[in-house]
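Listed below are the residues making up each chain.
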Amino acid sequence: MPQLPTRPRITRVRLVTLLATSALAVGGPTCLAVTPAHAASNSVVISAVYGGGGNSGAPYQNDYIELYNGGSTAVDLSGWSLAYYSSTGGSGGTTSLTGSIAPGGHFLVQEGAGSASAAPLPIPDATGTLNMSASKGSVVLAHGDATVDTVGYGAVTSSYVEGSTAPGITNTTADSRTKGCVDTDDNSKDFVAADPKPLNSTAPIGVCGTDGNTQPPPTGTSSTIEQIQGTGFQSPLAGEQVKDIKGIVTALNGGAGFWIQSTTPDDDPRTSEGLYVFGGAGMVKVGDDVTVAGKVSEYRPGGVSNGNLTTTELGSPNIQVNSSGNALPTAVEIGSQGHVPPAQVVEQGDPGNVEQAGLTLDPQMNALDFWESLEGMRIQETDAKAVGPTATSYGETPIVPANTKDVTWTPDGGVLYRSYDTPNAMRLILSDALLPKDSIAPANTGDTYQGVTAGVLDYNFGNFTLLATEAGQHKSGGTTRDVTTAPSKQQAAVATFNVENLAPSDPQSKFDRLAGQITTNLASPDVLAIEEIQDNTGATDDGTVDSAQTTDKLIAAIKAAGGPAYQAKWIDPVNDQDGGQPGGNIRSVFLYRTDRGMSFVDKPGGTPTNSVAVTGNGPTTSINYSPGRIDPTNAAWDDSRKPLVGEFRWQGKPLFVIANHFNSKGGDDGIMGRYQPPQRSSEVQRHAQATAVRGFIDDLLTANKKANVIVLGDLNDFNFSETANIVKGSGKTAMTDLIDTLPANERYSYDYQGNSQVLDQLLVSPALAKKYDYQVVHTNSQFYDQDSDHDPQIVKLQVH
C-alpha cells in the first residue's frame, strides 16, 4: 500500500484535463479542435444554461435551458430535443420539445429540481427532468438526428463543446449568450457567466443576451501580485477586495480560470510573481496583458480539513484586456543558480501547521518555502529526470532536475527514501492536465524528458505540480524488469507478492501478466505468499467471502504460462472486517508447488476468528491449525488483514511461513503538506500488529530455537521503521530483515510519488540466516505499465 492513503482521483474544480493550451510558451494558445456541431448563425440557438437549481444558495428551484430564435420566421419544435451530458461525456438524458418559437422569441425549458427551497422559474414553455451539473457539463439541441447547437460549460473533457468551453458556473450563476446572441461556434466567446435571468415566450421580442452583468466593477485596494502573495504561506490580503492587478496571461485552465504573471517583479525572493484567477477564462487568451480586480481567497484542494496547503487565487474577477500577443515572462529554471530546491529539508524546526505559525518564507533553506515562493509562476526544468513511473490514469510523472544532488540514486535512476530525514523534496509532479491527451509520453523510472519542460507551478493533493504547457522529448533510460535465477535442487524458494486487488472480474491480461512474472521473473517459487486476493465477486459488496474463483483463475494462468501446478491455502475473512477496497475482502493466500519437495501440512480447524497456537517443543514443534491466523480478535487487526500462518515441509524438514499485510498509511500527513514535521498516526496500529506477530515468532523460537521461520509480506512500513524493528526483535532470536542485507541504494520495493522505498519485507529466523540468496525482483514499481504497484521478493535457501 502507498506511503499515504490511496486517494480517489478528485479532479480539481479548477483543473481541466483536455481543452487547454498546448504551445503556450511560444506566445499563443493552441486549443484542442472540436468540429462545430452546425453552421454559424443557425436560427435557433441555446441562449442560456443553468444547473444550480434547488442547490444551496440558488435563486431558483429548477435547472433550466433557454432557447432563442434569431430568425425571421417562427420555428416549429416538433421532433426537437435537448440532451444533457456530464463533463466526461456520460449521457444524462433527453427532453423532447413541442410548441414553437416566434421570430425573435425565447423558449424556456424547465429541468430537474434540487432539494433546497428557492423561487420557481417563470412559467416554462416545456418541462423535463434533466439533472444538470451546477458547474460543468454539456447541452445539445437537436432536430431529429441533426445537431443544431451545443454548449459545453466549465471543465468539460468530452467532445460536446464548440471551440473552447463556456465559463464554469455555480449555484448562483448561469451561462448566458453575449448581447445579441450571436453564435460564432466558440462557446468561450459566445457565453459569459451572469446572474440567472430565465426568459420564456412572454419575454420582449428581439432582445437577447447579456453584457456579463456579473463582472463586478473594479473596486477595492490597489495592489500587485506580489503584495497579494506576500512572504508567507497564505496571502495577507485573503478575504479582501483588490484591484489594478497587472500581469500577462501565461496559461488557461480550460473554461475555469487562468494564470497571470507580473512583468515588473520585485526584488524579494519570497514573493511569487504568479497568481491564479478563478473565472473569466473565456475573456482572455495566452499572451494578453490584463488588469484584474477581484476577491483574494485561499483554495485548499480536497477540502478544508485535510493536510494540503492552500493556493492563493483571485475570484469573481473583473478583467480588462489591455493588449494581446505579448511575450510571456521568462520561466524560472529549476536547478539553476539561486533556484535550487533544498532536497532534504522540507521545513526546519517543528512549526506544526505552517499556515498558522506566522512563518516568513526562507526559500534557500526550506523546500516547502522554495516552492511556495514560485506558486503560480512559469517554471521549467531542462532534461528533467523521471524518478518514478507515469501514473497513466492521471497523466502524472514525478521528476527532478537533471543536476540534482544530495540524494541516494537507485540503480535504475530513482531516488531513495532512506529515512524520515531524507524526503527528497526537490521532486515535482509533472502533469499533462493543460495539454491534449497523450501529449507527454509515459515514462519509467530513469527516463528523461530531453530539452525544456515548462509550465505553471501549482499545488494539488499534497504535491507541488508542474502543469506543463510544453514538454521535452522523452528518452528511455533503459530500465528493464529483473529476472531471478532458478533455485538449486537443495534450495527452497519462497516469495511474497502483493498483486493489488486481484479479482475474477479483472481482465484476463492482468492474470496472464502476473502469471508471467511468477513463472519467468520469479522462476516459479515453491511457496508464494500473495497479498490482496479479493473474493469471487471482487468489490461488489454482496456478502461473498470465498476467493476460490480468484485463485483458480491465477493458478490456471500460471499453468498456461508454462508454470507448475500450484495449490492454494487461505482462510476466508469475516465479511467486510479486513479493510481494503469495500466489498473486496482482500486476504493473504499461500500458493505452493509440490513437484520439487515442498508439501503443506494441512491441519484443519482454522477459522477467521480463532487463533493459531504453537504446540510441542524441540523437533516436534508444530502449530494447532495450518493454515491459521494470528490472534484475529486482537484489536490490532481491526479493519485490517490478519496474518496467515502455514506449516510446510521442505524435503521433509519443517518450515513455518507467516504471510502479512499490515494496515495502510491512510491518515498520515503528507511530506509536502501543511503539518511539519508530518505526523504518522497510522503507525500506532502497525506497531500493535508487529507486536502480535513478534509474539508468535517468540512462541515458535521458544519452543524450538532452531525453528525455520519466514515472515514476509506487505508490512506497509519502511525497513528503518519501528514497525520493522519490532518484528525483527533483538538478541539471539532476532529475525534478519533481508532487505537490510542489500546495498543501501537497492533497498526498495515500491515507488510513491517519486520516492523509491520499502513497504514489502522478507525476514528469516536465525536457523535460516546462515546461507541464502535474496532478491527484490523489480518488475512493477518502476514501470508505467505495471501489473501491480509492488515488486515481489524472493529468497532461496537451505532448510535444515
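So, how was this worked out
Note that residues are indexed from 1 along each chain, following the sequence as it is written. In keeping with the model being predicted, local features are shown solely for residues with a pLDDT of at least 70 and side-chain atom pairs are shown and tallied solely at 80 or more, while totals for entire chains, interfaces and linings include all residues. With hydrogens and water stripped out, all remaining heavy atoms of the structure feed into the side-chain values. Runs of H or I in DSSP of at least four residues are treated as helices and runs of E of at least two as strands, each being numbered from the N terminus. Using C-alpha atoms as the atom set, the radius of gyration is obtained and then compared with a globule rule of 2.2 Å times the number of residues to the power 0.38. Exposure is judged per residue with a 1.4 Å probe applied to protein chains only, and the accessible area is read against the type maximum: over 50% gives exposed, under 20% gives buried, and values in between give partly exposed. Surface accessibility follows the Shrake-Rupley procedure with a 1.4 Å probe radius. Residue values consider only the protein chains on display as shielding. Asp and Glu are treated as the negative residues and Lys and Arg as the positive ones, with His and the ends of the chain left uncounted. By convention, charge coordinates are those of NZ in Lys, CZ in Arg, CG in Asp, or CD in Glu. A pair of strands is considered paired only if DSSP assigns at least 2 bridges between the two. Grouping buried Ala, Val, Leu, Ile, Met, Phe, Trp, Tyr and Cys residues that are joined through side-chain atoms within 4.5 Å yields what is termed a nonpolar core. Contact between two residues is taken to exist if any of their heavy atoms lie within 4.5 Å; hydrogens are not considered. Note on method: axes are straight lines fitted to C-alpha atoms, helices fitted across the in-contact stretch only, with angles between N-to-C directions ranging 0 to 180 degrees. For classification, angles of less than 35 degrees are called roughly parallel, those exceeding 145 degrees roughly antiparallel, those between 65 and 115 degrees roughly perpendicular, and all remaining angles oblique. Take the far helix as your reference; a near helix turned counterclockwise from it by less than a right angle gives a left-handed crossing, and one turned clockwise gives a right-handed crossing. Only residues whose relative accessible area exceeds 30% and that form no salt bridge enter a patch; like-charged residues are grouped when within 9 Å of one another, and nonpolar side chains (Val, Leu, Ile, Met, Phe, Trp, Tyr) when within 5 Å. Any carboxyl oxygen of Asp or Glu that lies within 4 Å of a side-chain nitrogen of Lys or Arg is treated as forming a salt bridge with it. One less than the number of residues in a helix, times 1.5 Å, gives the span that helix is expected to have. Any pair of Phe, Tyr and Trp rings, taking the six-membered ring for Trp, is counted once the centres come within 6.5 Å. Such a pair is stacked with planes under 30 degrees apart, edge-to-face with planes over 60 apart, and tilted for the rest. The criterion for a charge sitting over a ring is simple: Lys NZ or Arg CZ within 6 Å of the ring centre, and within 35 degrees of the ring normal. Note on disulfides: each one is a pair of cysteine sulfur atoms within 2.5 Å.

Bringing the overall build of the protein into the picture now. Per the secondary structure count, the protein includes seven helices and 45 strands. Relative to a compact globule of 800 residues, whose C-alpha radius of gyration would be 28 Å, the protein shows 30 Å and is just as compact. Each principal axis of the C-alpha atoms in the protein carries an extent, and together these give about 100 × 65 × 45 Å. Per-residue burial for the protein yields a buried fraction of 57% across its 800 residues. With the model as given, the accessible surface of the protein reaches about 28600 Å², and the carbon-plus-sulfur share is 50%. One finds the centroid of the 51 positive side-chain charges in the protein at a distance of 10 Å from the centroid of its 84 negative side-chain charges.

Where strand β19 (residues 332-333) meets strand β21 (residues 378-386), two bridges bridge the pair, whose relative direction is parallel. Each residue of the ladder has a partner; that of Val 332, found in β21, is Ile 379. Bridge count between β21 and strand β25 (residues 448-460): seven bridges; the pairing is antiparallel. The residue bridging Arg 378 from the neighbouring strand is Val 456, located in β25. Bridge count for β21 against strand β22 (residues 396-400) is two bridges, and the pairing is antiparallel.

As a further point, take the nonpolar core. Residues Leu 368, Trp 371, Leu 374, Ile 379, Leu 428, Phe 464 and Met 672 are the most contacted members of the largest nonpolar core, which totals 36 residues. Breaking this core down by element, the ones donating at least two residues are α3 (367-372), β21, β24 (428-431), β25, β26 (463-470) and β41 (750-752). Element by element, the count of residues in this core is highest for α3, at four residues. Excluding residues within four positions of it along the chain, Met 672 makes contact with Leu 309, Val 346, Ala 367, Leu 368, Trp 371, Ala 425, Tyr 459, Gly 462 and Phe 464. Counting residues in each nonpolar core, the second largest holds 29 residues, with Leu 644, Trp 650, Val 758 and Val 776 among its members.

What follows concerns the sheet that holds β41. In space, the three strands of this open sheet follow the order β23-β42-β41, with mixed pairing throughout. A strand with exactly one partner marks an edge of an open sheet, and here the two such strands are β23 (415-416) and β41. Strand direction decides the pairing type here: β23 and strand β42 (residues 755-757), joined by two bridges, are parallel. For Leu 416, the partnering residue across the bridge sits in β42 and is Ser 756.

Running from amino to carboxyl end, helix α4 (residues 508-521) crosses helix α5 (residues 548-560) at an angle of 60°, the nearest separation of the two axes being 8 Å. By the criterion of interaxial angle, the relationship of α4 to α5 is oblique. When the axes of α4 and α5 are compared, the crossing they make is right-handed. Each of Gln 508, Phe 511, Asp 512, Leu 514, Ala 515, Ile 518 and Thr 519 in α4 lies in contact with α5, whose residues at this interface are Thr 550, Lys 553, Leu 554, Ala 557 and Ile 558.

Residues Lys 705, Lys 706, Lys 732 and Lys 770 make up a contiguous surface patch of positive charge. Here Lys 770 is to be found in the loop between β43 (760-764) and β44 (772-776). Using a relative accessible area of 72% as the deciding quantity, one classes Lys 770 as exposed.

With that settled, consider α4. The terminal C-alpha atoms of α4 lie 19 Å apart, and with 14 residues this matches the ideal 20 Å at 1.5 Å per residue to within 8%. Contacts made by the buried residues of α4 are with β28 (492-502), β29 (527-533) and α5. Remark: Ala 523 follows α4 within two positions and exhibits a positive phi of approximately 55°.

One pass over the structure, following the stated rule, counts 24 salt bridges. Close ionic contact of Arg 593 with Asp 595 constitutes a salt bridge, the shortest N to O distance being 2.7 Å. Judged by its relative accessible area of 53%, Asp 595 is exposed. Ionic pairing is found between Arg 680 and Glu 683, a salt bridge with its closest N-O pair at 3.1 Å. Given a relative accessible area of 31%, Arg 680 falls into the partly exposed group. Taken together, the salt bridges that share partners define one network made up of Asp 149, Arg 177, Asp 183 and Asp 190.

Applying the stated criterion across every chain yields a total of 16 aromatic pairs. A centroid spacing of 5.0 Å and a plane angle of 90° characterise the contact between Tyr 420 and Phe 720, whose relative ring orientation is edge-to-face. Placement of the pair is Tyr 420 in the loop between β23 and β24 and Phe 720 in the loop between β39 (709-714) and α7 (722-728), with a sequence separation of 300 residues. Under the relative-accessibility criterion, Phe 720 is labelled partly exposed at 23%. These aromatic residues form a ring-pair network of at least three members: Phe 370, Trp 371, Tyr 459 and Phe 464. Directly above the aromatic system of Phe 783 lies the positively charged group of Arg 481, at a separation of 4.2 Å from the ring centroid. The ring of Phe 718 carries Lys 665 above its face, with NZ or CZ at 4.2 Å from the centroid.

A few words on the environment of Ile 586. Within the secondary structure layout, Ile 586 lies in the loop between β30 (567-569) and β31 (587-592). Ile 586 gets classed as buried once you look at its relative accessible area, which sits at 2%. A sequence separation of 85 residues divides Ile 586 from Asn 501, and the C-alpha atoms of the two residues are 7.0 Å apart. If we skip the residues at most four places from it in the chain, Ile 586 touches Asn 501, Glu 532, Ile 533, Gln 534, Asp 578, Gly 579, Gly 580, Arg 641 and His 661.

Summed over all chains, the structure comprises one disulfide. Between the sulfur atoms of Cys 181 and its disulfide mate Cys 208 the distance is 1.7 Å. Across the S-S bond of Cys 181 and Cys 208 the torsion is about -60°, and the bridge reads as left-handed. Pair noted here: Cys 181 is in the loop between β11 (174-177) and α1 (187-190) and Cys 208 is in the loop between β12 (191-194) and β13 (221-222), with a separation of 27 residues, a long-range link. Each member of the pair, Cys 181 together with Cys 208, is buried.

Looking now at the pairing of β25. Most of β25 is tucked away, with 10 of its 13 residues classed as buried. Examined bridge by bridge, β25 and strand β27 (residues 473-475) share three bridges and lie antiparallel to one another. Across the sheet, the residue bridging to Tyr 449 is His 474, located in β27. Examined bridge by bridge, β25 and β26 share seven bridges and lie antiparallel to one another. Counterpart to Gly 455 in the pairing with β26 is Ala 468.

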